[in-house]
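In case you want the letters, here they are:
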Amino acid sequence: MVVLHTQASTSEIKHKKNRRKLAKKPARTAPAEGAEDQEMVETSPSTSEQPASGSQQPENSAENWDDDFMIDTDQAAPSQSAAPAIPIPPHRMTPLKKDWVNIFSPLTEMLQLQVRMNVQRKCVEIRTSKHTKDIGAIQKGADFVKAYALGFDVNDSIALLRLDDLYLDSFEIKDVKTLHGEHLSRAIGRIAGQDGKTKFTIENASRTRIVLADTKIHILGSFQNIKIARDAIVSLILGSPPGKVYAGLRTVSARMRQRAI
């Protein structure tokens, strides 16, 4: 009985202490009459908007995700139909301006493409239009302009638009053999020949077109004809005399005529 009495007394003492602490707290000052109305007005919308905003969060997140997805697709669309820019070397800008009518007319009439020459960037830009029907029209137009930029004639480059089995092949003399100084100049002289005789002979025998641009060599033709011309040029670079190369070209041209018959 004594233990129970002591526990009850301790609990009563705690309640009394709590009451004293509550009594010591400072009393709140009464707000003005207009202040209560302002607080009610400010607190009432916030309390009413919290559950509504919480309920709309998943819907807004889904809508934002859809908007982001749509923006990404719209940004990716122009990149697919972006106009390729074919760079033009500085020494080919003047011939390009002179032959511009002969260059853009087949692109616009035959392939139904839109073409413009950007003088500041020194390039030619091509893109499709509503009237373009061929899927590979842009690639054909880019190859045509690239062939002209490499140094081929306009009439030879137009063949890329009319025929499907024509290609461009480019390589350098150092890819075949590393030559320097006079050895390099003599190799270029063997390929060109006196007044371009050797080059013309290779072109006529292999039915290709060849451009010598310093140490770079560009060949335009079909796959088999490019191989014939490249083999002849490689043999000249390695030091074979032109007479031996001519003999090989005669045999190859004779075989080509027999196959054609």
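Our subject is the structure listed above.
Residues numbered from 1 in each chain as written. Predicted model: local features only at pLDDT ≥ 70, side-chain atom pairs only at ≥ 80, totals over all residues. Heavy atoms only, no water.

A. Representation of the overall build of the protein chain in the model. The helix and strand tally for the protein chain stands at 11 helices and six strands. Within the span of the protein chain, comprising 261 residues, buried residues form 28% of the whole. Long-range contacts, defined as pairs at least 24 residues apart, comprise 56% of the intrachain contacts of the protein chain with a sequence gap of at least 6. (Helix = DSSP H or I, 4+ residues; strand = E, 2+ residues; numbered from the N terminus. Buried < 20%, exposed > 50% of the residue type's maximum accessible area, 1.4 Å probe, protein only. Contact = heavy atoms within 4.5 Å.)

B. View of the sheet that holds strand E5 (residues 209-213). Pairing in this open sheet of three strands is antiparallel, and the strands run E4-E6-E5 from one edge to the other. In this open sheet, the two edge strands, each paired with only one partner strand, are strand E4 (167-172) and E5. Each strand axis lies, on average, 15° off the axis of its neighbour in the sheet, ignoring direction. One ladder, built from five bridges, connects E5 with strand E6 (residues 216-221); its direction is antiparallel. In the strand pairing of E6, Leu212 is matched with Ile217. (Pairing = 2+ DSSP bridges. Axes fitted to C-alpha atoms, helices over the stretch in contact; angles between N-to-C directions.)

C. Molecular detail of the nonpolar core. Ile202, Ile217, Ile219, Ile233 and Ile237 are the most contacted members of the largest nonpolar core, which totals 21 residues. Listed by contribution, the elements that provide at least two residues to this core are helix H8 (182-192), helix H9 (197-206), E6, helix H10 (223-237) and helix H11 (242-260). The leading source of residues in this core is H10, at seven residues. The residues contacting Ile237, other than those within four sequence positions of it, are Phe171, Ile173, Val176, Lys177, Leu179, Arg190, Ile191 and Ile217. Residues Ile88, Leu96, Ile103 and Ala149 belong to the second largest nonpolar core, which totals 20 residues. (Core = buried A, V, L, I, M, F, W, Y, C linked by side-chain atoms within 4.5 Å.)

D. Spotlight on the sheet that holds strand E2 (residues 113-118). Spatially, the three strands line up as an open sheet ordered E1-E3-E2, and their pairing is antiparallel. The outermost strands of the open sheet, each flanked by one partner alone, are strand E1 (85-87) and E2. Each strand of the sheet is rotated relative to its neighbour by a mean of 20°, with strand direction disregarded. Where E2 meets strand E3 (residues 123-128), six bridges bridge the pair, whose relative direction is antiparallel. Paired with Arg116 across the strands is Glu125, a residue of E3. Contacts from helix H4 (residues 100-109) reach E2 and E3, with the element oriented near 155° to E2.

E. Structural view of the packing of H8 against H9. Closest axis-to-axis distance for the H8/H9 pair is 5 Å, and the angle between their directions is 50°. Of the possible angle classes, the one that applies to H8 and H9 is oblique. Residues Arg190, Ile191 and Ala192 of H8 pack against Lys197, Thr198 and Lys199 of H9. A breakdown of the residues in the contact of H8 with H9 according to their chemical character gives two nonpolar, one polar and three charged. (Parallel < 35°, antiparallel > 145°, perpendicular 65-115°, else oblique. Nonpolar A, V, L, I, M, F, W, Y, C, P; charged D, E, K, R; others polar.)

F. Structural view of H9. Restricting attention to buried positions, one finds in H9 the residues Thr198, Lys199, Ile202, Glu203, Ala205 and Ser206. Buried residues belonging to H9 abut H8, E5, H10 and H11. Arg207 lies just past H9 and shows a positive phi near 60°.

G. Representation of the packing of aromatic side chains in the model. This model, assessed by the stated rule, comprises one aromatic pair. Relative to Phe104, the ring of Trp100 lies with its centre 5.9 Å away and its plane at 40°, an arrangement referred to as tilted. Placement of the pair is Trp100 and Phe104 together in helix H4, with a separation of four residues, close to one helical turn. Judged by its relative accessible area of 16%, Trp100 is buried. Overall, the relative accessible area of 29% leaves Phe104 in the partly exposed class. One residue, Arg92, lies across the ring of Tyr148, its end atom 4.5 Å from the ring centre. (Phe/Tyr/Trp six-rings, centres within 6.5 Å; stacked < 30°, edge-to-face > 60°. Lys NZ or Arg CZ within 6 Å of the ring centre and 35° of its normal.)

H. A look at the side chain of Asp169. As for its position among the elements, Asp169 is in strand E4. Sequence-distant contacts of Asp169, defined by excluding residues within four places in its chain, comprise Ile217, His218, Ile219, Ile226 and Arg230.

I. Region of the structure containing H8. Within H8 the residues assigned to the buried category are Leu184, Ala187, Ile191 and Ala192. Along H8, the residues classed as buried sweep out an arc of 135° about the axis, all on the same side. Its buried side turned inward, H8 meets helix H7 (173-176), H9, E5, E6 and H10. Of the residues flanking the end of H8, it is Gly193, one or two places downstream, whose phi is positive at about 80°. (Arc of directions from axis to C-beta.)

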